[in-house]
Amino acid sequence: MMVRLVILAELVAIAAAFAMPESLQGWLLMSLVLATAALMVAIFLPPSSLGLARLLRPSLVAVLAAPALWMALQAVPMPIDKLGNPIWATASATLNEPLAEKITVDTTATMFSLVQYCAVLAAALIAAAIALDRYRAAQLLHILLSIATIVTAMWFGRETAGVAGPDGSTIAVLGVLLSCATAIRAVDQVLRRSRPGTIALSPLPALSAAIIAMIICMAALIIRANSTAVVAALLGSEILLSVFAVRRWFPGLWGTAGVLATATIIFIATATVIPFRTNTDLTIALSTSSQAATERMLQDVAPAGSGAGASTVLLPIYQDAGVGDSPERPTAAATIAIDMGWAFLCALVVAALLCASILIRRALSRAYDYVFPVLGAGALIAVTILAFSDHGILGLGASLLVAALFGLAFGQSLSGAERDAISSETKATSDQIANQAPAPRRRLTSASVTIWPRVSLMMLGIVLIVQAAWMALPDRYFGARSSLPSVLSTAAAGPNAMSKTVSLAAARENLWIRGGPSFTRDSALAADEQRTAPPMTSDEFARALRSSPLRGDIWLLLAATSKHSSPQPSTAAMLRMSYYTAPNDLDLLPLRVSVALAADAMVRDTDLRELIKRDVSLVVRHRPALKPALVTAYRSASADGKIYLEGLISELDPAFLDQVHARSSRMGSR
């Protein structure tokens, strides 16, 4: 019964990640469910079970914990100055208060990345514990295949209907590999039916389901995905078929060497089909989409990285103006290099290739059920290729599915591990079939070794619960996925209207943080929110910047709310930070120009004059739909601000200057 609950928890967590990928409720549900499952495995794992102890050695635990420790180190203050990112010193000078330097440029984004990694690690370990029993491993394989097929079919349907959504090519590749593994396992069972002992269920339904899933996933890849994803699926399947050929027709050392040599040649020949981009960074060489901003970010990567999750915060700074409708998506490899550093990416690639070779070696040493470890090896190769092609494997749902697949592969990678299962429901005949090969001699008998996996899982469950509590805190800092730019694009420039806009923006921001529904643009609802939203103070915006100093929208709101209470140099510094941290965010232009032109002191600032000129030029030449915002800014501008704006518009579009005067006169007469 306990195992059934653990499998259900794993299924619920993955389903929640796919169903609610951008929802705070989804993150909370995923963390709590995985934490509960990890604690259940840790508490109810039989003391006599040594299978997980063989897999989860202290050295492996240290390796798995290293990324989490590195993310935590990025988010803590550095003991020595100059070790952290320079943005903290700049923000400290602007806010006129001491801020500890950190490696990460956004503490909130790094903490969310840490939450995701802990969830991925929990999913992998739980799947490994379930997969210690071959019967449960087969169930988990079928469940993962069902999830991958359903998600792929839904993605294909959205793509066909032209509905925007996350890229599902990574899930489709995993679906191809899972269906191939299921089919090979079913064929093996059919070929063994004449031997003593029988299997519990007929393999024909599983074989039929695998063929249907293969058709769906492969069709989706060929029709909707790029060639790199198709090649990744073929190369991963090639590894599965090569090991199957060795086990079935070419046993022995020379037969294995011949098949693997042939597979290597086919592997290299197939890899040549992948479209490599020349004269670019290796991490984006396989990407078929524009990666101009990513390439600029990669040129500024620090040895320690910019902090986990920082690439999403840095991207608006590096991307060109006017790309908000089709934002760039860095590849997973580029994201890891930017966030964690080049050394971390290289170590990760080496570890993936090493794990793939270990899984292939273990698969060749297994008497039966070799399909599980070789599935992990094929997935590692495919995922490594996809990491240099797109961003899909870093998605919440995809990362959990990959983790469960790897846990399944490693859980069944050691012969004899099924005898140490956490389930007592496995049939004796199944155990007899699975253990034709001699089991390895038990050497891990000390109590300290057997209790190590239990302690690790319990600590991981506690960490997930703490992280879920952190996400549920009502007064947590502003999140990385903000709705502020959409509000700022319609902001008015007058002092009274500005206070309403700031209150509305802050209320909507807190609504997202607390997991509420996304706002609409209905005018009646907006008016009601303006009446009921509590006013926000400059201190509350400054508190958000202490966690995320690259938030150009919050710098702008802080400048807007403090321009009447703070000295002009302080407001100008905040406005300058908004320009530097969000130079190409067109949603900020209306409010930013209005605030910049509202005081003579800011208009006389040489740096701000150039920045204002750039914004006005973007509006007049590239975004004429925002021209009414310039009229509003002109009405609320200071005397010097009006003169400077008139000069800019007369240079760019003299005809529009007459419209500004006419509209301003009409609006002033009302």
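No experiment lies behind these values; they were computed from the predicted model shown. (Residues numbered from 1 in each chain as written. Predicted model: local features only at pLDDT ≥ 70, side-chain atom pairs only at ≥ 80, totals over all residues. Heavy atoms only, no water.)

Details of the overall build of the chain
- Each helix and strand counted, the chain has 31 helices and zero strands in total.
- Expressed as a percentage of contacts within the chain between residues at least 6 apart in sequence, the contacts between residues at least 24 apart total 78%. (Helix = DSSP H or I, 4+ residues; strand = E, 2+ residues; numbered from the N terminus. Contact = heavy atoms within 4.5 Å.)

Considering the nonpolar core
- Leu34 and Leu221 are the most contacted members of the largest nonpolar core, which totals 190 residues.
- Looking at this core element by element, the count peaks at 18 residues for helix H6 (residues 107–130).
- When neighbours within four sequence positions are excluded, leucine 221 is seen to be in contact with Ser169, Ala172, Val173, Val176, Ala229, Val230 and Ala233. (Core = buried A, V, L, I, M, F, W, Y, C linked by side-chain atoms within 4.5 Å. Buried < 20%, exposed > 50% of the residue type's maximum accessible area, 1.4 Å probe, protein only.)

Some thoughts on the packing of helix H1 (residues 2–19) against H6
- H6 packs onto H1 with a crossing angle of 145° between their chain directions and a minimal axis gap of 11 Å. For H1 against H6, the interelement crossing comes out left-handed. In this structure, H1 uses Val6, Ile7 and Glu10 to contact H6, whose residues at the interface are Ala123, Ile126, Ala127 and Ile130.
- Of the residues in the contact of H1 with H6, the class split is six nonpolar, no polar and one charged. (Axes fitted to C-alpha atoms, helices over the stretch in contact; angles between N-to-C directions. Left-handed = near helix turned anticlockwise from the far one by under 90°. Nonpolar A, V, L, I, M, F, W, Y, C, P; charged D, E, K, R; others polar.)

Comments concerning the side chain of glutamate 10
- Within the secondary structure, glutamate 10 sits in helix H1.
- Buried glutamate 10, no salt bridge; nearest opposite-charge side chain is arginine 136, N-O distance 13 Å. (Lys, Arg positive; Asp, Glu negative; His and termini not counted. Salt bridge = Lys/Arg side-chain N within 4 Å of Asp/Glu carboxyl O.)

Comments concerning the environment of glycine 175
- Locating glycine 175 in the fold gives a position in helix H8 (residues 169–191).
- In this structure, the C-alpha to C-alpha distance between glycine 175 and isoleucine 215, residues 40 residues apart in sequence, is 9.9 Å.
- For glycine 175, the residues in contact, after removing those within four places along its chain, are Leu145, Ala148 and Cys217.

Remarks on the confidence of the model for the chain
- For the chain, mean pLDDT is 77; residues scoring 70 or higher make up 75% of the total.
- No element of the chain has a lower mean pLDDT than helix H21 (residues 495–513), which averages 37, and none a higher one than helix H14 (residues 332–340), which averages 93.
- Here residues 475–535 is modelled with pLDDT under 50, and outside its nearest four sequence neighbours on either side it reaches 114 contacts, counting other chains as well. (pLDDT = per-residue confidence, 0-100.)

Section: the packing of aromatic side chains
- One pass over the structure, following the stated rule, counts two aromatic pairs.
- Seen in terms of ring centroids, tryptophan 27 and phenylalanine 112 are 5.4 Å apart; in terms of plane orientation they differ by 80°. Their pairing is edge-to-face. Remark: phenylalanine 112 occurs in helix H6 and tryptophan 27 occurs in helix H2 (residues 24–44); sequence separation between them is 85 residues. Neither tryptophan 27 nor phenylalanine 112 differs from the other in exposure class; each is buried.
- Ring plane angle 65° and centroid distance 5.4 Å describe the contact between phenylalanine 112 and tryptophan 470, whose orientation is recorded as edge-to-face. (Phe/Tyr/Trp six-rings, centres within 6.5 Å; stacked < 30°, edge-to-face > 60°.)

Here's the deal with the side chain of threonine 94
- Topologically, threonine 94 is positioned in helix H5 (residues 86–95).
- Not counting residues up to four positions away in its chain, the partners in contact with threonine 94 are Trp555, Ser570, Ala573, Met574 and Met577.

Considering helix H4 (residues 58–74)
- Over its 17 residues, H4 extends 24 Å from the first C-alpha to the last, a length consistent with the 24 Å expected when each residue adds 1.5 Å.
- The principal kink in H4, of about 35°, is found at alanine 66, preceding the proline proline 67 by one to four residues.
- Regarding H4, the residues found buried are Val61, Pro67, Ala68, Met71 and Gln74. (Expected span 1.5 Å × (residues − 1). Bend = angle between axes of the 7 residues up to and from the residue.)

Structural notes on the pattern of salt bridges
- Tallying each qualifying case throughout the model produces six salt bridges.
- One salt bridge in this structure joins arginine 134 and aspartate 369, with 2.7 Å as the shortest N-O distance. Remark: aspartate 369 occurs in the loop between helix H15 (342–365) and helix H16 (371–387) and arginine 134 occurs in helix H7 (residues 134–161); sequence separation between them is 235 residues.
- A residue is classified by how much of its surface remains accessible, and arginine 134, at 6% relative accessible area, is buried.
- Look at aspartate 369 and you get buried, because its relative accessible area is 7%.
- We note a salt bridge from aspartate 605 to arginine 576, for which the minimum N-O separation is 2.8 Å. You can see aspartate 605 sitting in the loop between helix H27 (600–604) and helix H28 (606–622) and its partner arginine 576 sitting in helix H25 (residues 568–581), a full 29 residues away along the chain.
- For aspartate 605, a relative accessible area of 22% translates into the label partly exposed.
- Note on arginine 576: relative accessible area 18%, which makes it buried.

Notes on the environment of aspartate 585
- By the element assignment, aspartate 585 lies in the loop between H25 and helix H26 (589–596).
- When the C-alpha positions of aspartate 585 and aspartate 320 are compared, they lie 8.9 Å apart, and in sequence the two are 265 residues distant.

Examining H1
- With 18 residues, H1 should reach 26 Å at 1.5 Å per residue; the first-to-last C-alpha distance of 25 Å fits that figure.
- Considered for burial, the residues of H1 that qualify are Met2, Val3, Val6, Ile7, Ala9, Glu10, Ala13, Ile14, Ala16 and Ala17.
- Among the structural elements, H2, H6, H7 and helix H17 (396–411) are those in contact with the buried residues of H1.

Re unusual backbone geometry
- Within the chain, asparagine 96 stands out as a residue other than glycine whose phi angle is a positive 60°.
- In this fold, asparagine 96 is placed in the loop between H5 and H6.
- A relative accessible area of 71% means that asparagine 96 is categorised as exposed.

So, a nonpolar patch on the surface
- Residues Leu5, Leu8, Leu11, Val12 and Leu29 make up a contiguous nonpolar surface patch of roughly 360 Å² in combined accessible area.
- Residue contributions to the nonpolar patch peak at four residues, all from H1.
- Structurally, valine 12 can be placed in helix H1.
- Take valine 12: its relative accessible area is 31%, and that puts it in the partly exposed class. (Patch = residues over 30% accessible without salt bridge, like charges linked within 9 Å, V, L, I, M, F, W, Y side chains within 5 Å. Areas by Shrake-Rupley, 256 points an atom, 1.4 Å probe, with all protein chains shown as cover.)

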